[in-house]
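# Per-entry structural report
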Amino acid sequence: MHSILKTSLAALVAAGVATTATADGHALSGELRIISDMSNPAPRAVMEKLAADFDAMHDDLTVDLTIVDREAWKTQIRNALGANPPDVVNWYAATRMSPYVDAGLFMDISDLWNEPEMAALASTKGAMTLDGKQWGVPYTYYQWGVYYRKDIFEELGLTEPATWDEEIANCQAIIDSGRKCYTIGSKFLWTAGGWFDYINSRTNGYDFHIQLANGEVEWTDPRVRETFANWRQLIDMGAFIDDHQSYSWQEAMPFMVDGEATAYLMGNFSVAAFRDGGLTDDQLDFYQFPTINPDVAPAEDAPTDTFHIASGAQNVAAAKAFLLYVTSPEVQSEINSGDALGQLPVNAEASVSDDKFIQEGFEMLSNNASGGIMQFFDRDFPAEMASVGMEGLQEFMVFPDNLDDILARLEEARQRIYQ
């Protein structure tokens, strides 16, 4: 552990957070202990600056920051939250919070979410909510969506689809041109989880999807079967590249770069790889996954990284003030810029980099994700269910006639895992 030294106040007052006092007028003092898993170089620099800046804003407060390896933190966090816990820790949203909420290790901070400035984080509130209460704040996320070859769409006279019928019609035109609609590499399973997230939430809605993730819905439920029926429309058309189970997500990218497939349902982290592969921004574009059931609002996969206050925190006032600081529009703009995390700010009033995909993702998640924010299949579902589930999803994509056996197996797993 090292103590962050106080630095100049220059440019800090502009962050819009009181420099000497909390919102209720009481000065912050003592020590604020933070353990962070932001261990990669760029995130580490962001975290160190956050701690130093916040320290410098409060004359009587000292911020102690410990940074641990991100993977190691996954096994260390429970012990760290036990005896002599820090005040603030990093973690993840939604179901990934459940073990620590259920164990009483994360503090209920619903009162903080009632502060007026938190209204600008409305799109992420559901991801921070369990049992009707909020257990942390987000600090960064990134969008998923359909990245596609705009030049091929123009060649074929296609436009971005808004509905499932339009998606199917586009796909047929693409197949008729001798190409595949979508590339995908399902060797490591999680990419198939993305397809299920979108088709299930667009078919049945966010609440149903989360109920399924929470083990409250049987996998043999007719509504789940409807999701697979919609998915099978694409499989039966031959929409996906052949032998996708043999490829990682990166190994599937050349099919789109070379024009053998026209689209990839993927996270925004793929853009750099597409550009490295030679696609220009004139060739590459992005659209929101289309509507299937017009009666449900669109939910989006946007994996979210978070800060939480330990239930045994010693300096709760400073911890809450730090969470307000981290989520303020000015700080969100700074830490998510292209020079820092290069992702999306969670505050709708923040500014974003001029990268067109960041801009489109921010607009989509801030203004057109009213259904809710999903954390992705392997975060929303408990780890064991996610593993068994994604095996079934990949098998379905290769052998769709196995659906009855797959659903029976997943239902058996559900009954065992959620006991």
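Treat the numbers as computed from the prediction; the structure is a model and nothing was measured.

### Comments concerning the overall build of the chain
- When you go through the chain residue by residue, the secondary structure sums to 17 helices and 14 strands.
- Since a compact globule built from 419 residues should have a radius of gyration of about 22 Å, the 22 Å found for the chain is in line with a globular shape.
- Taking the principal axes of its C-alpha atoms as reference, the chain extends roughly 70 × 50 × 35 Å.
- Across the 419 residues of the chain, 57% fall into the buried class.
- In the chain, of all internal contacts separated by at least 6 residues, the share reaching a separation of at least 24 is 76%.

### Here we look at the packing of aromatic side chains
- Within this structure, the stated rule accounts for 36 aromatic pairs.
- Ring centres of Phe 153 and Tyr 287 lie 6.5 Å apart, and the angle between their planes is 45°; this geometry places the pair in the tilted category. With a gap of 134 residues between them, Phe 153 in helix H5 (residues 150-156) and Tyr 287 in strand E11 (residues 284-287) connect regions that are remote in the sequence. A single burial state applies to Phe 153 and to Tyr 287, both of which are buried.

### A short note on the packing of helix H9 (residues 222-237) against helix H17 (residues 403-417)
- Contact geometry for H9 and H17: axes closest at 12 Å, N-to-C directions at 135°. Classified by the interaxial angle, the pair formed by H9 and H17 is oblique. For the pair H9 and H17, the crossing hand works out as right-handed. Residues Val 224, Arg 225 and Phe 228 of H9 lie in contact with H17, whose contacting residues are Leu 403, Asp 404 and Leu 407.
- Classifying every residue of the contact of H9 with H17 by side-chain character gives four nonpolar, no polar and two charged.

### Here we look at helix H1 (residues 41-56)
- Between its first and last C-alpha, H1 extends 22 Å over 16 residues, near the 22 Å set by a 1.5 Å rise per residue.
- Listing the buried residues of H1 in full gives Pro 43, Val 46, Met 47, Leu 50, Ala 51, Ala 52, Asp 53, Phe 54, Asp 55 and Ala 56.
- Buried-residue contacts for H1 involve strand E2 (30-36), strand E3 (61-67), strand E4 (88-92), strand E13 (304-309), helix H12 (316-327) and helix H13 (329-335).

### Things to note about empty space enclosed by the protein
- The final tally for this structure, using the stated rule, is one cavity of 30 Å³ or more.
- Its volume calculated, the largest cavity comes out at about 40 Å³.
- Lining the largest cavity are Phe 153, Pro 161, Glu 167, Asn 170, Cys 171, Ile 174, Cys 181, Tyr 182, Thr 262, Ala 263 and Tyr 287.
- Every element with two or more residues in the lining of the largest cavity is listed here: helix H6 (164-176), strand E9 (180-182) and strand E10 (261-267).
- Ranked by residue count, the leading element in the lining of the largest cavity is H6, at four residues.
- By residue class, the composition of the lining of the largest cavity is eight nonpolar, two polar and one charged.

### Considering the environment of Asn 315
- On the secondary structure map, Asn 315 appears in the loop between E13 and H12.
- Here Asn 315 is in contact with Ser 29, Gly 30, Glu 31, Leu 32, Leu 61 and Asp 87, once residues within four sequence places are set aside.
- Of the polar contacts made by the side chain of Asn 315, one reaches the backbone oxygen of Ser 29; its length is 2.9 Å.
- A distance of 3.2 Å separates the side chain of Asn 315 from the backbone nitrogen of Ala 318, its partner in a polar contact.

### Notes on the nonpolar core
- Grouped together as the largest cluster of nonpolar side chains are 138 residues, with contacts concentrated most on Trp 219, Trp 231 and Phe 322.
- Here this core takes eight residues from H12, the largest share from any one element.
- For this core, the domains that each give at least three residues are domain 1 (8-142 + 303-350) and domain 2 (144-301 + 363-417).

### Some details on the layout of surface pockets
- The computed volume of the largest pocket comes to approximately 730 Å³.
- Together, 27 residues line the largest pocket, and Arg 70, Tyr 142, Phe 269, Gln 343 and Arg 379 are the ones closest to its centre.
- If you list the elements that add at least two residues to the lining of the largest pocket, you get H1, helix H2 (70-80), strand E7 (137-141) and helix H15 (377-380).
- Partitioning the lining of the largest pocket into residue classes produces 14 nonpolar, five polar and eight charged.
- Taken as a whole, the second largest pocket spans an internal volume of roughly 620 Å³.
- Forming the walls of the second largest pocket are 25 residues, and the residues nearest its centre are Thr 95, Arg 96, Ser 98, Asn 214 and Asp 380.
- For the lining of the second largest pocket, the elements supplying multiple residues, two or more each, are helix H3 (98-102), strand E5 (129-130), helix H8 (206-213), H15 and helix H16 (383-398).
- For the lining of the second largest pocket, the leading source of residues is H8, giving five residues.

Analysis parameters
- Residues numbered from 1 in each chain as written.
- Predicted model: local features only at pLDDT ≥ 70, side-chain atom pairs only at ≥ 80, totals over all residues.
- Heavy atoms only, no water.
- Helix = DSSP H or I, 4+ residues; strand = E, 2+ residues; numbered from the N terminus.
- Rg over C-alpha atoms; globule rule 2.2 N^0.38 Å.
- Buried < 20%, exposed > 50% of the residue type's maximum accessible area, 1.4 Å probe, protein only.
- Contact = heavy atoms within 4.5 Å.
- Phe/Tyr/Trp six-rings, centres within 6.5 Å; stacked < 30°, edge-to-face > 60°.
- Axes fitted to C-alpha atoms, helices over the stretch in contact; angles between N-to-C directions.
- Parallel < 35°, antiparallel > 145°, perpendicular 65-115°, else oblique.
- Left-handed = near helix turned anticlockwise from the far one by under 90°.
- Nonpolar A, V, L, I, M, F, W, Y, C, P; charged D, E, K, R; others polar.
- Expected span 1.5 Å × (residues − 1).
- 1 Å grid on protein atoms, 1.4 Å probe; cavity = no way out; pocket = protein on both sides within 12 Å on 5 of 7 lines; lining within 4 Å.
- Points joined across faces, edges and corners; volume = space filled by probe spheres on them.
- Polar contact = N/O pair within 3.5 Å; in protein donor to acceptor, adjacent residues only side chain to side chain.
- Core = buried A, V, L, I, M, F, W, Y, C linked by side-chain atoms within 4.5 Å.
- Domains from an automatic or database assignment.

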